[in-house]
Amino acid sequence: MLELKSLTKRFGDKIAVDAATFTVDRPMMIGIIGRSGAGKSTLLRMLNRLNDASDGEILFEGHEISSLKGAARREWQSRCAMIFQQFNLVPRMDVVSNVLHGTLNRRSTFATMFNLYPQEDIHKAIEILDRLGIAEQAPKRAEALSGGQQQRVAIARALMQDPSIILADEPIASLDPMNAQIVMDALRRIHEEDGRMVIANLHTLDTARRYCDRVIGMRDGRIVFDGRPDQLTTGVARDIYGAGADFSEAATSTAIETLDRTNQDLVLA
């Protein structure tokens, strides 16, 4: 279904991604973990074709993706939607219009300039917002929403593209524990209910263990682990993050665990 063959990205003398190779034969939820600078974001940006690869290939359903140009490249970016850490919404625009921006690649320049959308698309956008629990926010400006709500708007915009793959680049890194769980639950539900492939860069081991079917670990641009979440032992984690990292059970702290403790405190109170 999706295949990377020795995918490499160089920035001058620096190799950001070094011969990344893996195959995904069915839709699943994949977490990519590693230190900051390990190459996770660059890998996703090459998959979406925001960055061109220096070497190697990307194939999806047997079609070569890494050399697409022009309209073919834009069509691929519609099929391979991207969600960013900082949401990338238009702050002063209303929520539903931000969601409708997911259709820009298939609309005329005239319609885009004058913000003209078919009623069918507007209804679909509101249905997606309702699915994500924020339909009541549709008329509000995006800047009026909380961070977690804005990230759900970004997910809705991605769903508006009706993609085969959703790429999420650190989607919960800037969120509080409660919103982090809501966003991760939404991504997992989208994978399970829609049968879409979700590939997410994640910053905590336990988030990857809890939500993902498969975990890929990167270090210094190379893939150093590719396996099931239950294979993420302390030793493997040290291979990914470095020998000096402390990954004992007592030291491991995650956003999800913090939320669980917060909920318990509320119940006890």
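The structure presented is a predicted model; accordingly, all values stated were derived computationally and were not measured. (Residues numbered from 1 in each chain as written. Predicted model: local features only at pLDDT ≥ 70, side-chain atom pairs only at ≥ 80, totals over all residues. Heavy atoms only, no water.)

Chemist: Even after reading the chapter, I still don't get the packing of aromatic side chains, so can you show me in this structure?
Modeler: The geometry of an aromatic ring pair is captured by two quantities: the separation of the ring centres and the angle between the planes. Per the counting criterion, the structure on display carries one aromatic pair. Centre to centre, the rings of F60 and W76 are 5.3 Å apart; their planes meet at 55°, and the pair counts as tilted. Here W76 lies in helix α2 (residues 70-79) and F60 lies in strand β4 (residues 55-60), a separation of 16 residues in the sequence. Assigned by exposure class, F60 and W76 land together as buried. (Phe/Tyr/Trp six-rings, centres within 6.5 Å; stacked < 30°, edge-to-face > 60°. Helix = DSSP H or I, 4+ residues; strand = E, 2+ residues; numbered from the N terminus. Buried < 20%, exposed > 50% of the residue type's maximum accessible area, 1.4 Å probe, protein only.)

Chemist: For this particular structure, what's the right way to read the packing of helix α5 (residues 119-131) against helix α6 (residues 147-160)?
Modeler: For the pair α5 and α6, interaxial distance at closest approach is 9 Å and the crossing angle is 135°. If you check the angle between α5 and α6, you find them oblique. Like other packed secondary-structure pairs, α5 and α6 cross with a definite hand, here right-handed. Mapping the contact onto sequence places D121, K124, A125, I128, L129 and R131 in α5 and A156, L159 and M160 in α6. Each residue belonging to the contact of α5 with α6 can be placed in one class, and the counts come to six nonpolar, no polar and three charged. (Axes fitted to C-alpha atoms, helices over the stretch in contact; angles between N-to-C directions. Parallel < 35°, antiparallel > 145°, perpendicular 65-115°, else oblique. Left-handed = near helix turned anticlockwise from the far one by under 90°. Contact = heavy atoms within 4.5 Å. Nonpolar A, V, L, I, M, F, W, Y, C, P; charged D, E, K, R; others polar.)

Chemist: Can you help me understand unusual backbone geometry in this one?
Modeler: With the exception of glycine, the majority of residues adopt a negative phi angle, and the majority of peptide bonds are in the trans configuration. Backbone geometry places R49, a non-glycine residue, at a positive phi of 70°. Examined against the element boundaries, R49 turns out to sit in the loop between α1 (40-47) and β4. At E61, a residue that is not glycine, the phi angle is positive and equals roughly 50°. A relative accessible area of 46% places E61 in the partly exposed class.

Chemist: Help me understand the pattern of salt bridges, please; the structure alone is not making it clear to me.
Modeler: A pair can form between side chains of opposite charge whenever their charged atoms are brought close. Counting across every chain of the model gives 15 salt bridges. With its nearest N and O atoms 3.3 Å apart, the salt bridge here joins D52 to R73. Linking D52 in the loop between α1 and β4 with R73 in helix α2, this pair joins segments that are 21 residues apart in sequence. Of the residues examined, D52 reaches a relative accessible area of 33% and is grouped as partly exposed. (Salt bridge = Lys/Arg side-chain N within 4 Å of Asp/Glu carboxyl O.)

Chemist: Explanation requested: the pairing of strand β8 (residues 197-201) in the structure shown.
Modeler: Put simply, side chains in a regular strand alternate between the two faces of the sheet. The buried fraction of β8 is high, at five of five residues. Every second residue of β8 is oriented toward a common face, with M197, I199 and N201 on one face and V198 and A200 on the other, all of them buried. Here four bridges tie strand β3 (residues 29-33) to β8, and the two strands are oriented parallel to one another. Pairing of I30 across the sheet is with I199, part of β8. Sheet topology places strand β7 (residues 165-169) next to β8; five bridges connect them, and they run parallel. For I165, the partnering residue across the bridge sits in β8 and is M197. Following the backbone out of β7, through helix α7 (residues 177-194) and into the adjacent parallel β8, one traces a crossover that is right-handed. (Pairing = 2+ DSSP bridges. Right-handed = clockwise from strand over helix to strand, strands pointing away.)

Chemist: Looking at this structure, I do not really get the environment of M1. What am I missing?
Modeler: Position of M1 relative to the elements: it lies in the segment before β1 (2-11). With 24 residues separating them in the primary sequence, M1 and D25 have C-alpha atoms 4.9 Å apart. If near-sequence neighbours (up to four positions away) are discounted, M1 is found in contact with V24, D25, R26, P27, L59, F60, E61 and M197.

Chemist: Help me understand the sheet that holds β4, please; the structure alone is not making it clear to me.
Modeler: Backbone hydrogen bonds are what pair the strands of a sheet, in a parallel or an antiparallel way. Pairing is antiparallel across the open sheet formed by four strands, whose spatial order is β2-β1-β4-β5. The strands lining the two open edges of the sheet, one partner per strand, are β2 (14-24) and β5 (63-64). Looking at chain direction, β1 and β4 are connected through five bridges and run antiparallel. When the sheet's bridge partners are listed, K5 is paired in β4 with E57. Packing of α1 onto the sheet brings it into contact with β1, β2 and β4, and relative to β1 it is tilted by some 120°.

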